[in-house]
Amino acid sequence: MAVNPCSVPRALRLLVPAETPAEQAVCQAHDEAYAAGGTRRDRALADARFLLGLLEQGMEVDRAHRYHVAVRMFGHAPWGPYTEAPAPPTRYLAPTEAP
(Lines give C-alpha, C1' and ligand atoms only; values in the text may rest on other atoms or scores of the structure.)
Protein backbone atom coordinates (compact mmCIF):
# COMPACT_ATOMS: atom_id res chain seq x y z
CA MET A 1 0.00 0.00 0.00
CA ALA A 2 1.32 3.43 -0.93
CA VAL A 3 2.04 5.93 1.80
CA ASN A 4 -0.29 8.93 1.77
CA PRO A 5 1.44 11.60 3.88
CA CYS A 6 -1.05 14.28 2.89
CA SER A 7 -4.03 12.21 4.10
CA VAL A 8 -6.13 12.68 0.98
CA PRO A 9 -9.07 10.27 1.22
CA ARG A 10 -8.78 7.38 -1.24
CA ALA A 11 -12.04 8.32 -2.99
CA LEU A 12 -10.72 11.84 -3.65
CA ARG A 13 -7.33 10.60 -4.85
CA LEU A 14 -8.92 10.00 -8.26
CA LEU A 15 -9.51 13.76 -8.49
CA VAL A 16 -6.55 15.08 -6.50
CA PRO A 17 -3.15 14.66 -8.13
CA ALA A 18 -0.28 13.29 -6.07
CA GLU A 19 1.86 15.76 -4.16
CA THR A 20 5.52 16.28 -4.96
CA PRO A 21 8.06 14.84 -2.51
CA ALA A 22 8.66 18.38 -1.17
CA GLU A 23 4.93 18.90 -0.61
CA GLN A 24 4.73 15.49 1.07
CA ALA A 25 7.50 16.60 3.46
CA VAL A 26 5.35 19.62 4.40
CA CYS A 27 2.42 17.27 5.07
CA GLN A 28 4.65 15.05 7.20
CA ALA A 29 5.82 18.01 9.30
CA HIS A 30 2.17 19.05 9.73
CA ASP A 31 1.24 15.52 10.84
CA GLU A 32 4.06 15.61 13.40
CA ALA A 33 2.75 18.90 14.80
CA TYR A 34 -0.70 17.33 15.06
CA ALA A 35 0.69 14.30 16.89
CA ALA A 36 2.32 16.62 19.44
CA GLY A 37 -0.94 18.45 20.16
CA GLY A 38 -1.02 21.64 22.18
CA THR A 39 -3.28 24.64 22.50
CA ARG A 40 -5.80 25.89 19.97
CA ARG A 41 -3.25 28.55 19.09
CA ASP A 42 -0.61 25.85 18.46
CA ARG A 43 -3.01 24.13 16.07
CA ALA A 44 -3.75 27.38 14.22
CA LEU A 45 -0.01 28.03 13.90
CA ALA A 46 0.63 24.47 12.65
CA ASP A 47 -2.08 24.93 10.03
CA ALA A 48 -0.72 28.33 8.99
CA ARG A 49 2.77 26.84 8.62
CA PHE A 50 1.23 24.05 6.56
CA LEU A 51 -0.30 26.54 4.13
CA LEU A 52 2.87 28.59 3.93
CA GLY A 53 5.00 25.47 3.43
CA LEU A 54 2.84 24.20 0.58
CA LEU A 55 3.03 27.59 -1.12
CA GLU A 56 6.80 27.79 -0.60
CA GLN A 57 7.15 24.39 -2.25
CA GLY A 58 5.31 25.67 -5.32
CA MET A 59 1.83 24.26 -4.84
CA GLU A 60 -0.74 26.26 -6.80
CA VAL A 61 -2.45 28.83 -4.55
CA ASP A 62 -6.04 27.57 -4.89
CA ARG A 63 -4.98 23.96 -4.28
CA ALA A 64 -2.91 24.92 -1.22
CA HIS A 65 -5.87 26.90 0.08
CA ARG A 66 -8.15 23.85 -0.31
CA TYR A 67 -5.69 21.72 1.69
CA HIS A 68 -5.58 24.41 4.38
CA VAL A 69 -9.37 24.70 4.57
CA ALA A 70 -9.62 20.91 4.84
CA VAL A 71 -7.27 20.73 7.83
CA ARG A 72 -9.04 23.64 9.53
CA MET A 73 -12.46 22.05 9.00
CA PHE A 74 -11.64 18.39 9.61
CA GLY A 75 -8.41 18.42 11.62
CA HIS A 76 -9.89 18.84 15.08
CA ALA A 77 -10.26 15.09 15.75
CA PRO A 78 -6.71 14.13 14.67
CA TRP A 79 -5.15 16.95 16.73
CA GLY A 80 -3.43 15.61 19.83
CA PRO A 81 -4.95 16.59 23.15
CA TYR A 82 -5.58 20.28 23.62
CA THR A 83 -3.68 21.78 26.49
CA GLU A 84 -4.80 24.79 28.40
CA ALA A 85 -3.18 28.01 27.35
CA PRO A 86 -1.58 29.94 30.18
CA ALA A 87 -3.96 32.47 31.63
CA PRO A 88 -3.28 35.99 30.46
CA PRO A 89 -1.98 38.31 33.14
CA THR A 90 -4.74 40.11 34.91
CA ARG A 91 -4.56 43.79 35.49
CA TYR A 92 -5.25 44.84 39.01
CA LEU A 93 -8.13 47.23 39.17
CA ALA A 94 -8.24 49.34 42.29
CA PRO A 95 -11.68 49.58 43.84
CA THR A 96 -13.37 52.83 43.09
CA GLU A 97 -13.60 55.21 45.98
CA ALA A 98 -17.01 56.10 47.25
CA PRO A 99 -17.84 59.79 46.74
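Quick summary incoming for the structure in this document.

### Notes on the state of the cysteines
Okay, step 1: Counted by the stated rule, this structure contains one disulfide.
Okay, step 2: The disulfide bridge from Cys 6 ends at Cys 27, spanning 1.9 Å between sulfur atoms. Its torsion about the S-S bond being 95 degrees, the disulfide of Cys 6 and Cys 27 is classed as right-handed. Here Cys 6, found in the segment before helix H1 (10–13), pairs with Cys 27, found in helix H2 (residues 21–36); they are 21 residues apart in sequence, far enough to count as distant.

### Quick look at the environment of Val 8
Okay, step 1: Of note, Val 8 is situated in the segment before H1.
Okay, step 2: On a C-alpha basis, the gap between Val 8 and Ala 70 in space is 9.7 Å, while along the polypeptide they are 62 residues apart.
Okay, step 3: With sequence-adjacent residues up to four places away left out, Val 8 is seen in contact with Arg 13, Val 16, Glu 19 and Tyr 67.

### Focus on helix H3 (residues 40–56)
Okay, step 1: Relative to the 24 Å expected for 17 residues at 1.5 Å per residue, H3 spans 24 Å between its end C-alpha atoms, a close match to the ideal helical length.
Okay, step 2: Within H3, the full set of buried residues consists of Arg 43, Ala 46, Asp 47, Phe 50, Gly 53 and Leu 54. Axial view of H3: buried residues confined to an arc of 125 degrees, hence all on one face. Of the exposed residues in H3, those oriented more than 90 degrees away from the buried face are Arg 41, Arg 49 and Glu 56.

The rules behind the values
Residues numbered from 1 in each chain as written. Predicted model: local features only at pLDDT ≥ 70, side-chain atom pairs only at ≥ 80, totals over all residues. Heavy atoms only, no water. Disulfide = S-S within 2.5 Å. Helix = DSSP H or I, 4+ residues; strand = E, 2+ residues; numbered from the N terminus. Contact = heavy atoms within 4.5 Å. Expected span 1.5 Å × (residues − 1). Buried < 20%, exposed > 50% of the residue type's maximum accessible area, 1.4 Å probe, protein only. Arc of directions from axis to C-beta.

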